Amino acid sequence: MAGMEWHLAEQPTLECLKSMGYAFVPPADHPSLRDGDNQVLFRPHLIEALQRINGVSEADAQAAYAELASVSDNEAWLSILRGNFSRVVQGEATHRTLRVIDFRNLTNNLFTVTHQFRVKAEKTRIADVVVHVNGIPLVMIECKSPINAKDKTGEAFEQIKQYEQEIPRLFLSNCFNIVTDGTNCLYGSTKSPSKFWAEWRDPWPRHESDFSDALSKGLWSLLEPSRLLDLIAHFIVFEKTEDGTIKKMCRYQQFRAVNKLVKRVIENEHRRGLIWHTQGSGKSLTMVFAALKLKTHLTVSSPELTNPNIMVLTDRVDLHDQISGTFTACGLPNPVAVESISELRALIGKGMDGLTVLSTIFKFQGSEAPIPNSKNWIVMVDECHRTQEKDLGAYLRKTMPEARFFGFTGTPIKKDDKDTYANFGVVGEGYLDKYGIDDAVADGATVPIYYTGRKTDWHIDEAKIDILFDNWFADLPEDKLEEVKKRGVKITDLVKHPRRIELIAYDIWTHFKAYARPDGFKAQIVAIDREAVILFKRALDRVIADDLTAQGIPAGEAMAQASAMSACVYSESQTDKHISEDGHIQGIRSDLKAHYLDQNAETAIKKAFGVKGQNPEFLIVCDKLLTGFDAPIESVMYLDKPLKEHGLLQAIARTNRVLNAQKKNGLIVDYIGISAKLEEALSSYRADDVKNAMRDLDDLRNQLRAAHAGVMSMMKGLKRQSGLSKDRLKAEFDQFANLLKTEDKWFEFRSKAREFIGLYEAVSPDPSILEFTADLKWVAVFLRYGTQVFEKREAFDQQTYSRKIRDMLAQHLDATGLSVTVKLRHITDPDFWEDFETEGKSESDLKTAAIRKTTELRKVVTEKMAQNHHQYAKFSDRLRELLEKLDGAQLTWADKLKIAEELAKDLDAEAKAHEGTGLSVGAYGILQVLKAFGANGEAENLAIRIEGLYTNDATAPPRWQEKDGLRRTLRQQVRSMAHEYGLKDLKAVPEHVEEFALKHFAKV
């Protein structure tokens, strides 16, 4: 595999970067460029750049280098890269800004690429490809074959995470990372979870046809020198959240939209533009990136960008709070959130420049006098289609007649919405930039939304409202019946029928238990009004309590648990406090008061809803939380309110946020009948803009059927029989592995199988999956077996399966006995050695055993190397030889198994080698480190002394590993001991000893 990775990924990556002007640095040059294997800066390159860009002396550049080499924070490094670094230089009394990158003059920078970049740390690692600019490592590229671009699993992502933990120095100045297999090319910011990694699909302003393959397109999009500098300067932010600081980097549509907007400002021909980026795709962050580039414009120079004013407008308090929070959290320069009309007028009426103002459109109410410098204002209006209502848009334009206006929207603009196009669009252009629903789903920025209609007798057809009323309310007293008919039958009368609510509540709980709850997902119930919210709360509490009681939980406790599972979120009304003689109305009002959440309580409930394992599991709403509420844990919405157009698009998008590999899609369960008239509900939009806003679950069923057919077509020629015999199934696995033959065919099958399993999960628990269940079990278990056969590694697929699938497969493995075939054991497991027995085994069984043992040994050697590479490095070479022999035909499977057994025995013996030496495991490990630097067998006492140094609380107290000064003292003591013993490499010995000690002697 290593050879394949070089030819398919690493070498093409290097060649592509060299063709873009990157200078190649061979590994042989690393020692002369670095201050040691544990350092990552290329010292001469950085010192020369400091002199070249800033015109300072070599002595000043040397001093600046020393200071930069000690910076140990990723956010601080980004600030330095953007020009925020200053120090005293010779001949000047005050601090002077020193730039490490010249953003305006591309040729004044040195762009280099190198490979096999070895970094010494607690666990020494070798990075495949590293990009430096002016000697600073900014991008790491991991080359692995193959990469699963769809569900982001595999060794490449695991390795990036591992490197970030084990060689953190390489990631101090890192901006982002790339993984590639020569075909797929994905990127993610430093420490970004793999689910947020993405492909850069659009190489705007170039076209896909300009590139020969996906690798060259991806690398050009991210690393072409001018684009790389633009990304560093304007498209990375650190967002402060309650859970810590999160580093975020733009997606391609954000990069494209911002640069189109900035270009329009610079060219000054059109002073407006309309941007549609669908909900969940990061629209607020797009505005942040736009403000950042307009304000700092490090890579561009234009009189139009000289100290501009920026205003961000919303039309809702919750959106205002959200965007204000995002701007502040992302460190935008001095954003001012305006709280009143008078404050807004005072701030913008002074004619000052360089302001960043966040406000709601309502604060322009009644404002007609133009401000003096409106020409220097760039106004970004969120959900711009709504700001044209009433006179608000007119007041805004009277106040700022010469401003530039850029409208942003998360939903498409209606066909007949002339005002929005007139106020923000350019004639004939439509959108300045469009990122639609299908784009976001294709990129994995959002998950697709599916819908399913429940029983049609629950749907409300307004055309038949009187007939339905007569049927459902036949038992109503005559006086009540006449009273309702006199005022006119309303849809709410039918929707809130008690029996209907009870039936739907039961259906919701039954569906939720099977569909969402097994994986910890949550749901919203959307009721028609506040009274319906209370009716659903009552009914759902009863249904859940009855279920819990049936499980043996006492009635009182069951009701308490049930009540805690849901929370109601709605606005308060003055009538809630009124007394009514009608018992039903009074009961509703009492419950509305009881379940009402004030602002603090609502915030707490929303936060708890977003956390897996915490109550509530349901939010019952009618108007609130249908816009601007972002909870990725929500996977299903139970809809019992007639929504349409913008309201429908906003509401259903609550389910489209990405969470984890288990969340394949959002689901809308429709009780009101919207899905039956979806085309009508969205008729005011262009069909292309909303065609996949919600997809019928029938489409998903058809996709499942097609995916199943694709898998079965590759299994053509395989003779399968019914039954659950382990030996029969194992024989089928071997037969199919022989049919696939090549790795290419295996990877093709693996891709199709994963798609089939993913669609099965998405449709489950729908009854339509039952015809595919037997095939799914066979295919999913074979994936584990095939990964061992073709890749000699452990399968990671099962980690991404939903809980319901994992449980089903576990039962299948137990029932068939296949767990013996696919389960991997550790060398410390007594059953590990059973496979090496050859007597009575068929050639097929010997082959299976040899493959499984090699897979297990690969895992063990990797673990042991991480513990002490000095002690176990020799086994890495032997494992490589075994892997090569496994694919060869010269030896029998019995011979190959024998080689594996010898390796296993020697590994086991090495792990026990300290026994009988009088040394502890730790001291023996240190002895192996010392031997690597020339110590002989008589160094036991030195090893024991060093172990004592790190195990004694007097010299290494608890948490010593977290204290840099203490670690330095310990290294100095080790250096003294090594010098006393006569060892030569006194710089490296303490570092390698500390590397071992951090793994084995760390204390809490």
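Residues numbered from 1 in each chain as written. Predicted model: local features only at pLDDT ≥ 70, side-chain atom pairs only at ≥ 80, totals over all residues. Heavy atoms only, no water.

Asker: When you look at the sheet that holds strand 19 (residues 449-453) in this model, what are you seeing that I'm missing?
Answerer: Within a sheet, neighbouring strands are paired by backbone hydrogen bonds and run either parallel or antiparallel to one another. Spatially, seven strands are ordered 21-22-20-23-24-19-25 in an open sheet, and the strand pairing comes out parallel. At either end of the open sheet lies a strand with only one pairing partner, and these are strand 21 (566-569) and strand 25 (695-696). Relative to strand 22 (residues 618-621), strand 20 (residues 522-526) is paired through four bridges, and the arrangement is parallel. Bridging across to strand 22, Q524 finds its partner in L619. (Pairing = 2+ DSSP bridges. Helix = DSSP H or I, 4+ residues; strand = E, 2+ residues; numbered from the N terminus.)

Asker: Would you explain the environment of T409 in this entry?
Answerer: In this structure, T409 sits in strand 17 (residues 404-409). Relative accessible area serves as the criterion here: at 0%, T409 is assigned to the buried category. For the pair T409 and M311, spaced 98 residues apart in sequence, the C-alpha to C-alpha distance is 16 Å. If we skip the residues at most four places from it in the chain, T409 touches I275, W276, H277, K283, E383, C384 and H385. (Buried < 20%, exposed > 50% of the residue type's maximum accessible area, 1.4 Å probe, protein only. Contact = heavy atoms within 4.5 Å.)

Asker: Please explain helix 23 (residues 599-609) as it appears in this structure.
Answerer: Those residues of helix 23 that fall on the buried side of the exposure criterion are E602, A608 and F609. Buried residues of helix 23, seen end-on, are gathered within an arc of 130 degrees and therefore sit on one face of the element. Residues Q599, N600 and K607 are exposed on helix 23 and point more than 90 degrees away from its buried face. Close packing links the buried residues of helix 23 with strand 20, strand 21, strand 22 and strand 23 (634-639). (Arc of directions from axis to C-beta.)

Asker: What is the right way to look at the sheet that holds strand 18 (residues 433-435) in this model?
Answerer: With parallel pairing, seven strands are arranged side by side in an open sheet as 14-15-13-16-17-12-18. With one partner strand each, in any of the chains shown, strand 14 (335-337) and strand 18 form the two edges of the open sheet. On average, each strand axis in the sheet is tilted by 15 degrees relative to the strand beside it, whichever way the strands run. Here five bridges tie strand 12 (residues 272-277) to strand 17, and the two strands are oriented parallel to one another. Considered in strand 17, the bridge of L274 is made with G407. On the sheet, helix 10 (residues 283-296) packs against strand 12, strand 13 (309-314), strand 15 (356-360), strand 16 (377-381) and strand 17 and is oriented at approximately 170 degrees with respect to strand 16. (Axes fitted to C-alpha atoms, helices over the stretch in contact; angles between N-to-C directions.)

Asker: What is the right way to look at the packing of helix 3 (residues 43-54) against helix 4 (residues 58-69) in this model?
Answerer: In helix packing, the relevant descriptors are the interaxial angle and the interaxial distance, both defined with respect to the helix axes. Contact geometry of helix 3 with helix 4 gives a least axis separation of 9 Å together with a crossing angle of 125 degrees. Relative to helix 4, the element helix 3 lies oblique. In this structure, helix 3 meets helix 4 at a crossing whose hand is right-handed. Across from R43, L46, I47, L50 and Q51 in helix 3, the residues of helix 4 making contact are E58, A61, Q62, A64, Y65 and L68. Of the residues that constitute the contact of helix 3 with helix 4, the class distribution is seven nonpolar, two polar and two charged. (Parallel < 35°, antiparallel > 145°, perpendicular 65-115°, else oblique. Left-handed = near helix turned anticlockwise from the far one by under 90°. Nonpolar A, V, L, I, M, F, W, Y, C, P; charged D, E, K, R; others polar.)

Asker: Would you mind going over the nonpolar core with me for this structure?
Answerer: For soluble globular proteins, nonpolar side chains are generally found buried alongside one another. Within the largest apolar cluster, 164 residues are counted, with the highest numbers of intra-cluster contacts made by M311, M400, F618, Y638 and F749. Looking at this core, the element that brings in the most residues is helix 20 (residues 530-550), giving 11 residues. Setting aside chain neighbours within four positions, we find F749 in contact with V711, M714, M715, F736, L740, V779, F782 and L783. A9, A61, L223 and I275 belong to the second largest nonpolar core, which has 92 residues in total. (Core = buried A, V, L, I, M, F, W, Y, C linked by side-chain atoms within 4.5 Å.)

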